[in-house]
Amino acid sequence: MSPTRQQVLMYHSVDDFDEDPYLIAVRPARFAAQMAWLRGRGLRGVSMRELLRAQREGTAQRLVGLTFDDGYADFATHALPVLLRHGFTATVFAVTGRLGGDNAWDPLGPRKPLMTAEQLRQVADEGMEVASHTQTHLSLAGAPTGDLYHEVKTSRTDLEAILGHEVIGLAYPYGHADREAVEAVRAAGYTYACGIKPGEADQLCLPRTHVSDDDRRLRLTVKRALHYWKWGRR
């Protein structure tokens, strides 16, 4: 089964907000409704690690990947309790050079706190997968070669030191990936990487479906159908 066959949902922040210029936030009540929608359709949200293992075993038919880019602290406070209530898992992609800091890469704000190393260990202990979102949230496509390899290798090494186990996944910041970025990810030892649309490397550039605060049942149904129309036949 192609890795693009299963839908993977892309979240960022789960929190209330007054302004959201980058459309990265989903309100906690909306997120809870979205997870209930999945469960009501007989689907189970899982981490990328669990999804890819199930694909290899041929048991992934009713699974949906859940991913959270940037490692916002609100994952631990707002998203995690909902996931645990439903028996779901998820993957958090952390920016290792900014742990305990904020999303300084978003110039328009608002500033949002990121998880600390201790919080990453705590969510991992609850069964969540923690993976890399590079060291500084640098756009990897077109980055200088030295910066590129440093971003992907150092972030993996740092996370493994924090968690005490192997880290196998990465998400490309902004979804940007080119051939050199993919090769750097491969050379750094990652098993999979997530972007926005599928790339030539397939498992090192997996597509995801962005989820927003506007996504209610109908929009989620349409997005699921569009995923299979675009990529499910690959």
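Computed from a predicted model, the values in this text were never measured in an experiment.

Draft legend 1. A look at helix H3 (residues 74-86). Its 13 residues place the ends of H3 18 Å apart at the C-alpha level, agreeing with the 18 Å of an ideal helix rising 1.5 Å per residue. Along its length, H3 reaches its greatest deviation from straightness, about 40°, at Leu-80, and the proline Pro-81 lies no more than four positions downstream. Following H3 by one or two positions, Gly-87 adopts a phi angle in the positive range, close to 75°.

Draft legend 2. Geometry of the pattern of salt bridges. Counted under the stated rule, the structure contains 12 salt bridges. We note a salt bridge from Asp-15 to Lys-112, for which the minimum N-O separation is 3.9 Å. On the criterion of sequence distance, the pair formed by Asp-15 in the loop between strand E2 (13-14) and strand E3 (25-26) and Lys-112 in the loop between strand E6 (91-94) and helix H4 (117-125) is long-range, its members being 97 residues apart. The buried category is assigned to Lys-112, whose relative accessible area is 9%. For Asp-213, the salt bridge is made with Arg-27, and the minimal N-O distance between the two is 2.6 Å. With Asp-213 in the loop between strand E10 (209-210) and helix H7 (217-230) and Arg-27 in the loop between E3 and helix H1 (28-40), the pair connects residues that are 186 residues apart, well separated along the chain. Each of Asp-15, Asp-74 and Lys-112 takes part in one network of salt bridges that share partners.

Draft legend 3. Molecular detail of helix H5 (residues 145-163). Taking 1.5 Å as the rise per residue, H5 with 19 residues should run 27 Å; its terminal C-alpha atoms sit 27 Å apart, in good agreement. Tucked into the core, H5 has its buried residues touching E6, H4, strand E7 (129-132), strand E8 (169-171) and helix H6 (179-187). Looking one or two residues beyond H5, the residue adopting positive phi is Gly-164, at roughly 80°.

Draft legend 4. Looking closely at unusual backbone geometry. Here the residue pair Gly-109 and Pro-110 is connected by a cis peptide bond, since its omega of -5° sits within 30 degrees of zero. Structurally, the position occupied by Pro-110 is in the loop between E6 and H4. A positive phi angle, close to 70°, is found at His-137, a residue other than glycine. For His-137, the position within the fold is in the loop between E7 and H5. We note that Tyr-174 has phi near 65°; this positive angle belongs to a residue other than glycine.

Draft legend 5. Region of the structure containing the environment of Trp-105. With respect to the helices, strands and loops of the structure, Trp-105 is situated in the loop between E6 and H4. Sequence separation between Trp-105 and Thr-136 is 31 residues; the distance between their C-alpha atoms is 8.4 Å. In this view, Trp-105 contacts Asp-70, Tyr-72, Val-95, Arg-98, Leu-114, His-137 and Tyr-174; residues no more than four positions away in its chain are not counted. At a separation of 3.5 Å, a polar atom in the side chain of Trp-105 contacts the side chain of His-137.

Draft legend 6. Structural detail: the nonpolar core. Judged by nonpolar contacts, the single largest core of 49 residues is most densely connected at Phe-31, Leu-66, Phe-68, Phe-75, Leu-83 and Tyr-172. Looking at this core, the elements with two or more residues in it are strand E1 (8-11), H1, strand E5 (63-70), H3, E6, H4, H5 and H6. Counting residues in hydrophobic clusters, the runner-up holds 15 residues, among them Val-46, Phe-93, Tyr-192 and Leu-206.

Draft legend 7. Just empty space enclosed by the protein, in detail. All told, the structure shown has 1 cavity of 30 Å³ or more when counted by the stated rule. Here the largest cavity defines a volume of roughly 40 Å³. Phe-17, Glu-19, Asp-20, Ile-24, Ala-25, Pro-110 and Lys-112 are the residues that line the largest cavity. Tallied by class, the residues present in the lining of the largest cavity amount to 4 nonpolar, no polar and 3 charged.

Reading the values: rules and limits
Residues numbered from 1 in each chain as written. Predicted model: local features only at pLDDT ≥ 70, side-chain atom pairs only at ≥ 80, totals over all residues. Heavy atoms only, no water. Helix = DSSP H or I, 4+ residues; strand = E, 2+ residues; numbered from the N terminus. Expected span 1.5 Å × (residues − 1). Bend = angle between axes of the 7 residues up to and from the residue. Salt bridge = Lys/Arg side-chain N within 4 Å of Asp/Glu carboxyl O. Buried < 20%, exposed > 50% of the residue type's maximum accessible area, 1.4 Å probe, protein only. Contact = heavy atoms within 4.5 Å. Polar contact = N/O pair within 3.5 Å; in protein donor to acceptor, adjacent residues only side chain to side chain. Core = buried A, V, L, I, M, F, W, Y, C linked by side-chain atoms within 4.5 Å. 1 Å grid on protein atoms, 1.4 Å probe; cavity = no way out; pocket = protein on both sides within 12 Å on 5 of 7 lines; lining within 4 Å. Points joined across faces, edges and corners; volume = space filled by probe spheres on them. Nonpolar A, V, L, I, M, F, W, Y, C, P; charged D, E, K, R; others polar.

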